[in-house]
Amino acid sequence: MEDSMETAKRSKVWFSSGGVECAAWHYVGTNGACVVMAGGAGVTKEPGTDQFATRFHAAGFSVLAFDFRRFGESGGAPRQVLRVGEQLADWEAAVACAKALPEVDPLRVAVWGFSTSGGHVLRVGAGGRVAAVVAQTPFVDGLVSGPNALRHETVGVVLRFPFIALTDLLRGLFRRPPLCVPLAGPRGAVAMLTTPDALDSERALNPGGRYPEWKQTIAARSVMRVLTYRPGRAARRIRVPLLVVVAEQDQSVLAKPAVRLAARVANATLVEVPGGHYAPFLGQHEPVIAAELAFLRTHLRVS
């Protein structure tokens, strides 16, 4: 199923994952290779991928940029609830959809993700069903980044948040709407992240309020699950080429776990840039784009 969009560069497509219809933007490329993309926790396909997808497409790549179920234009209820297993299944379904696109060589499909999705793509890559992986400022180990994030929160919020998450979980058991918190906020706010660079998300992903339909919230129960997520443990199973982009002053997911992960993967390339978590969307956008395009051209065999 496909709907025409205002721009001639992309069209809306749908694919099924776990019985739920997921929405995606399809950019038709010219070189036979495809990049499957998704945003971080609670970040929908437009703010999460537009800046990079348009550049990849301009270089000849097809792109499939999708919303996870329960977020954005994809189906699924309750809304704003992140379930790791479901999102990994959505990745697999999106890759299968990309491989079936008429202009795409199924042996030349890569995955790209940042933050939480940067962790997800490590696990997708470990499955060996894609040709290459781009993990940008990836969430590698919640047991490392979680305690760091708590350092940037007040004691009162740290003590209250488990009860907020439990309340949300109980609401779910009684089929009531989720109790959501903002994705980012200042120290002292009840939010998923209150690290200093988390506050860059608005100017990095939603400059000038470009995406008013983006709900910048997540169910409180989901935050607790993310704190225990450790996608970096898949590193030893990754055999495909991997590009890891690290922001050296990243205070949201930290740089060291990603640097160590890159050192453990035989076919990994590490690119380090100055700045915080959103540096690839801000001041380091051009260097990161150049590195990612060079990597994709090499490993998806684009002349």
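Residues numbered from 1 in each chain as written. Predicted model: local features only at pLDDT ≥ 70, side-chain atom pairs only at ≥ 80, totals over all residues. Heavy atoms only, no water.

A.B. asks: Would you explain the pairing of strand S5 (residues 62-66) in this entry?
C.D. replies: When a strand is regular, its side chains alternate between the sheet's two faces. Among the five residues that make up S5, five are buried, leaving the element largely enclosed by the rest of the structure. Side chains Ser62, Leu64 and Phe66 of S5 all project onto a buried face; the interleaved residues Val63 and Ala65 project onto the opposite face, where all are buried too. In the sheet, strand S4 (residues 34-38) pairs with S5 via four bridges, with the strands oriented parallel. Within the sheet, the bridge partner assigned to Val35 lies in S5 and is Val63. This β-α-β element, S4 to helix H1 (residues 45-58) to S5, shows right-handed connectivity. (Buried < 20%, exposed > 50% of the residue type's maximum accessible area, 1.4 Å probe, protein only. Helix = DSSP H or I, 4+ residues; strand = E, 2+ residues; numbered from the N terminus. Pairing = 2+ DSSP bridges. Right-handed = clockwise from strand over helix to strand, strands pointing away.)

A.B. asks: When you look at the packing of aromatic side chains in this model, what are you seeing that I'm missing?
C.D. replies: The geometry of an aromatic ring pair is captured by two quantities: the separation of the ring centres and the angle between the planes. Counted by the stated rule, this structure contains 11 aromatic pairs. Taking 5.1 Å as the distance between ring centres and 80 degrees as the angle between the ring planes, the aromatic pair formed by Phe66 and Phe68 counts as edge-to-face. The class for Phe68 is buried, based on a relative accessible area of 4%. An aromatic cluster of three or more residues is present, and its members are Phe52, Phe56, Trp112, Phe114, Tyr278 and Phe281. Just above the ring of Trp25 sits the side chain of Arg10; from NZ or CZ to the centre is 4.0 Å. (Phe/Tyr/Trp six-rings, centres within 6.5 Å; stacked < 30°, edge-to-face > 60°. Lys NZ or Arg CZ within 6 Å of the ring centre and 35° of its normal.)

A.B. asks: Hey, could you run me through unusual backbone geometry in this one?
C.D. replies: Where the residue is not glycine, phi is negative for most of them; where a peptide bond is considered, it is trans in most cases. Note the cis peptide between Ala77 and Pro78, where omega equals 0 degrees. Secondary-structure assignment places Pro78 in the loop between S5 and helix H2 (84-99). Positive phi, normally seen in glycine, also occurs at Thr137, with a value near 35 degrees. Mapped onto the fold, Thr137 is located in strand S7 (residues 132-138). Classification of Thr137 by relative accessible area gives buried; the value is 2%. Positive phi, close to 55 degrees, is recorded for Arg301, a residue that is not glycine. Tracing the backbone shows Arg301 in the segment after helix H9 (285-299). Judged by its relative accessible area of 53%, Arg301 falls in the exposed class.

A.B. asks: How should the pattern of salt bridges be read in this particular structure?
C.D. replies: When the charged atoms of two side chains lie near each other, side chains of opposite charge can form a pair. Tallying each qualifying case throughout the model produces 13 salt bridges. Linking Asp67 and Lys45 is a salt bridge whose minimum nitrogen-to-oxygen distance equals 2.7 Å. Here Asp67 is found in the loop between S5 and H2, whereas its partner Lys45 is found in helix H1, with 22 residues between them in sequence. When sorted by exposure, Asp67 lands in the same class as Lys45, which is buried. Salt-bridge contacts for Glu86 lead to Arg83; the nearest nitrogen and oxygen are separated by 3.5 Å. The exposure class of Arg83 is partly exposed, given its relative accessible area of 35%. (Salt bridge = Lys/Arg side-chain N within 4 Å of Asp/Glu carboxyl O.)

A.B. asks: Would you explain a positive patch on the surface in this entry?
C.D. replies: A contiguous patch of positive charge on the surface is contributed by Arg123, Arg225, Arg233, Arg236 and Arg237. The residue Arg123 is located in helix H3 (residues 116-126) in this model. (Patch = residues over 30% accessible without salt bridge, like charges linked within 9 Å, V, L, I, M, F, W, Y side chains within 5 Å. Areas by Shrake-Rupley, 256 points an atom, 1.4 Å probe, with all protein chains shown as cover. Lys, Arg positive; Asp, Glu negative; His and termini not counted. Charge placed at Lys NZ, Arg CZ, Asp CG, Glu CD.)

A.B. asks: So what exactly am I meant to see when it comes to the packing of H1 against H9 here?
C.D. replies: Where H1 meets H9, the closest approach of the two axes is 11 Å, and the angle between their N-to-C directions is 45 degrees. As judged from the angle between their axes, H1 and H9 are oblique. Where H1 crosses over H9, the two elements pack in a sense that is right-handed. Where H1 abuts H9, its residues Gln51, Phe52, Arg55 and Phe56 lie against His285, Glu286, Val288, Ile289, Glu292, Leu293 and Leu296. Of the residues that constitute the contact of H1 with H9, the class distribution is six nonpolar, two polar and three charged. (Axes fitted to C-alpha atoms, helices over the stretch in contact; angles between N-to-C directions. Parallel < 35°, antiparallel > 145°, perpendicular 65-115°, else oblique. Left-handed = near helix turned anticlockwise from the far one by under 90°. Contact = heavy atoms within 4.5 Å. Nonpolar A, V, L, I, M, F, W, Y, C, P; charged D, E, K, R; others polar.)

A.B. asks: Would you take a moment to explain H9 for this structure?
C.D. replies: Along an α-helix, residues three or four positions apart point the same way, because every turn accommodates 3.6 residues. Look at H9: 21 Å from first C-alpha to last across 15 residues, which is about the 21 Å you get at 1.5 Å a residue. All of the buried residues along H9 are His285, Val288, Ile289, Glu292, Leu293, Phe295 and Leu296. Mapping the buried residues of H9 onto a view down its axis gives an arc of 165 degrees, with all of them on the same face. Buried residues along H9 sit in contact with S4, H1, strand S6 (109-115), S7, strand S10 (242-247) and strand S11 (268-273). Remark: Arg301 follows H9 within two positions and exhibits a positive phi of approximately 55 degrees. (Expected span 1.5 Å × (residues − 1). Arc of directions from axis to C-beta.)

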